[in-house]
Each structure stands twice: as C-alpha cells, then as structure tokens.
Amino acid sequence: MVQEEREIKIKEWKGEQTIKYLYKEYYSLIPPLILPKDIERREFAIQPFDKQSYIRHLSFDNQQKFYDFLIKSTPKHVYYSIGIYDLPEANSMEEKGWKGSDLLFDIDLDHDKSCQTQDDITDDLCIEKGLKYAETIASMINNYFGGYHQIYFTGNRGYHVRGICENCRLLGREERAEIAKFVMAQDLDLEIIFPKSSKGKKSAPPSPKDPGWRGLIASYGIKEVDAVEIKNAIENIRVEIDSMVTQDPSRLTRIPGTLNGKSSLLVVPICGEFKLGKWLSPFYGEIEVKALKDLQKLKILGINIEFRKNEELSIPSQHAIYLATKGYLNILGGNLVVRKNTGWWPIQGCNWNS
C-alpha cells in the first residue's frame, strides 16, 4: 500500500538543509504530478539546493524514471521544456532537433502597483485578483490563436499560462515577440484599429465578433468610438507579462505538483475560482518559530500574519515553512505531517490532456 503521509519531528533548524529534507520526504511519497504525455520528447531541468546554476538537458523515458530521479536528487526547483525535441538530452538546439514549442506567458504580480507586498512576499488578495490577467490571456489563446489554455499558480507570486496551439508551435522568436506585444497592447495604433472614413466620420463601433483588439475592446463594454473610453478599456484589458519568456521557444515551465523553492508552496493547476490557503503546502502541524525580521500585516495562505524581529510564536507549519524559506524566521521545533495529496488532485474540469 502506498503511504499517504509521514510524520516528522523537527529538533534543529538547519536552513536549506532542513528544507531539502522536507522536500525529499514529500517527493518520496510519490505525490500526484502533471507531466507531459510526450515526456520522452521534453527537456527537463533542475536547480539543486547547493548551486545557483541550473542542470539542463535531462530526459526521461517514462514517469517512473522521473520520479526516481526526483527523489534521489531532491531539487530546489524542477522544470520541463515548452519545446518538443527529437533528442531533448542534447546540449544544443541544433542537436536536439526542435519540433516546435507551446506558448508560455509569465505573470508576476509583485509588479502590480496596487498590490500590497513586502520584499518578495505578495498579499493573497493581490494574487487572487491577478487571476483575471491569466484568464484574459487564456481567452486570447482560445479565441485568437486557435488553441486551448492551461493556467497554473507558480507556487510563489503569480501565474503561468500555457497555450497549446498547433498553428503556433513552429513560430519563431519574432512571431512570439509579436504575440507578447499583442497581449501587452504595445504599439497599438488606434487610428488603424478605428479608422475614420474619407469624409471624416467616426469609425464603426466595435463588436465582440471583431478580430484582435477591436473585439477585446467591445467585450469590455465599449459601444461607441470614444478615445478616452477606449484607452481606459485597453489599460484595463492589457496584461503585463515577461515578454522574454513568451518570445523564447526554449523556455522551461514548472511542473504542477512540484514545490517552488522560493516559497515551499505547490505549483497547482487552476480552472475556475482560486483561493490561496493551507492546501497549497504539503506540510501540516503547529510549529514554534522565532522571527528574524519584522513582517508587516499581510494575508498569507488565508490568514493575516504579522510579527516583530526576535518575537517567538507558534504558527501553522504551512506558514512557518513558507516564511522560513523566505528568510523571515527560524523554526525552533515542532511536529509536522508531510502529506502526499493536499486536495488539488484529481483536477475537476481542467483541460490538461497534453
């Protein structure tokens, strides 16, 4: 019988050494992961706990071999490629034999000026509200790029949106850069989108059935060609992304079900409503901690937390491991349970067929 959980007693906190131990305990339970069906054609990469650099050009014939490697290496971060290759283990793109790549969009909400943040911690409410940006990109993929989308929380402060699109897979850097510009509404020329007639009359009002940004603007509720209202609509629809990620067909993406080494939270798929909470961590229990620096009041994993430097307190282990990973506190000791499944599996209603 496969073990579902494991009890652990923390007697001494040794920073990343202890975090790596906790990750190993989690991965040894064989937790549910969403791996690509064409796993043998994807490049994998990891960042070890003791190195700043990444180990790339890894490949696996099947899921079991990947799990064996994951348990043995216990990485801080783990990824696979959006690219599909003949020889994913080769060291260069030419040798790999590139056959195409998915689209990838990276949304980090710490750049949102309306968000409440402290250093690299972003308030729950900000992350939850930011899902609308991922859903906007998903709509673009479905309606304009001829594909389907996958959204997932990266486990830290934002989302990845993956576009699976047969017509897009062979696009190069320049074409992908144009897609990034489209999403961010860069270089939009309203005189081209809403041209005046030769007699100087206003352009026809936009319709949701119109292609491109005319349709997007109409979907926002704009029915008349008014420059101020249109610019306001564009500002509310456009999504700020990392354009370097989107334009690069050799990028890597996180694996749902794995842990993000910046937060010790799970990477999880999203389809529908998303609320941050304790379920994003596989570590359960109550832990005694000592604060290394001040934390202003923020909502983290569903509860408001604040403390002062050198303050000692008892908090849920999900929050303790998260804040210890980010360098905000030391763990003094306590018992916790590592769980194989936190509740996100099985996925209900998500399109994760590839």
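Please read all numbers here as calculations on a predicted model, not as lab measurements.

Some thoughts on the overall build of the protein
A tally of regular secondary structure across the protein gives 11 helices and 20 strands. Its C-alpha radius of gyration of 22 Å places the protein within 12% of the 20 Å reference for a compact globule of 354 residues. On the principal axes, the C-alpha backbone points of the protein span a range of 80 × 50 × 35 Å. Classification of the 354 residues of the protein by burial places 54% in the buried group. Within the protein, residue pairs in contact and separated by at least 24 positions form 69% of the contacts whose partners lie at least 6 positions apart. Summed over its atoms, the accessible surface of the protein is roughly 17,100 Å², and 47% of this surface lies on carbon and sulfur atoms. Measuring between centres, the 48 positive side-chain charges of the protein sit 1 Å from its 49 negative side-chain charges.

A closer look at the nonpolar core
In this structure, Phe66, Phe105, Tyr159, Phe274, Leu323 and Ile331 are the most contacted members of the largest nonpolar core, which totals 103 residues. Here the element with the most residues in this core is helix 5 (residues 131-143); it accounts for seven residues. No fewer than three residues from each of domain 1 (1-13 + 282-340) and domain 2 (187-196 + 204-235) sit in this core.

Concerning the state of the cysteines
By definition, a disulfide links two cysteine residues through a covalent bond between their sulfur atoms. Scanning the model with the defined rule gives three disulfides in all. Residue pairing for Cys165: its cysteine sulfur links by disulfide to Cys168, the two sulfurs lying 2.3 Å apart. Across the S-S bond of Cys165 and Cys168 the torsion is about 65 degrees, and the bridge reads as right-handed. Its relative accessible area of 1% is what places Cys165 among the buried residues. With a relative accessible area of 6%, Cys168 lands in the buried category. Disulfide pairing is shown between Cys271 and Cys350; the S-S distance is 2.1 Å. Handedness here is read from the sign of the S-S torsion; for Cys271 and Cys350, about -100 degrees, the answer is left-handed. A residue pair is termed long-range when its members are at least 10 positions apart, and Cys271 in the loop between strand 15 (268-270) and strand 16 (283-291) and Cys350 in the segment after strand 20 (329-339) qualify at 79 residues. In this structure Cys271 comes out as partly exposed when scored by relative accessible area, which is 36%. Among the cysteines of the protein that take part in disulfides, numbered as they appear in the sequence, the pairing is 1-2, 3-4, 5-6.

Observations regarding the UniProt feature "active site" (unreviewed entry) in the protein
Within the UniProt annotation, "active site" (unreviewed entry) is assigned to Asp106, Asp108 and Asp242. Across 137 residues in sequence, these annotated residues keep their C-alpha atoms within 8.0 Å of one another, forming a single compact spot. Residues from the named set that contribute to the lining of the largest pocket are Asp106, Asp108 and Asp242. Tracing the backbone shows Asp108 in strand 7 (residues 103-108). Given the relative accessible area of 27%, Asp108 is considered partly exposed. With residues near it in sequence (within four places) discarded, Asp108 still touches Arg157 and Gly158.

Thoughts on the domain arrangement of the protein
Domain assignment breaks the protein into domain 1 (1-13 + 282-340) and domain 2 (187-196 + 204-235). The straight-line distance from the C-alpha centre of domain 1 to that of domain 2 is 49 Å.

Thoughts on empty space enclosed by the protein
Summed over all chains, the structure comprises one cavity of 30 Å³ or more. Volume-wise, the largest cavity comes out at about 60 Å³. Along its surface, the largest cavity is lined by 13 residues, and Thr122, Ile127, Asn156, Leu276 and Tyr322 are the ones closest to its centre. Mapped onto the lining of the largest cavity, the elements with two or more residues apiece are strand 9 (121-122), helix 4 (124-129) and strand 17 (295-300). Looking at the lining of the largest cavity residue by residue, the classes come out as seven nonpolar, two polar and four charged.

Criteria and cut-off values
Residues numbered from 1 in each chain as written. Predicted model: local features only at pLDDT ≥ 70, side-chain atom pairs only at ≥ 80, totals over all residues. Heavy atoms only, no water. Helix = DSSP H or I, 4+ residues; strand = E, 2+ residues; numbered from the N terminus. Rg over C-alpha atoms; globule rule 2.2 N^0.38 Å. Buried < 20%, exposed > 50% of the residue type's maximum accessible area, 1.4 Å probe, protein only. Contact = heavy atoms within 4.5 Å. Areas by Shrake-Rupley, 256 points an atom, 1.4 Å probe, with all protein chains shown as cover. Lys, Arg positive; Asp, Glu negative; His and termini not counted. Charge placed at Lys NZ, Arg CZ, Asp CG, Glu CD. Core = buried A, V, L, I, M, F, W, Y, C linked by side-chain atoms within 4.5 Å. Domains from an automatic or database assignment. Disulfide = S-S within 2.5 Å. UniProt positions renumbered as here; feature names shortened; annotations may be inferred. 1 Å grid on protein atoms, 1.4 Å probe; cavity = no way out; pocket = protein on both sides within 12 Å on 5 of 7 lines; lining within 4 Å. Points joined across faces, edges and corners; volume = space filled by probe spheres on them. Nonpolar A, V, L, I, M, F, W, Y, C, P; charged D, E, K, R; others polar.

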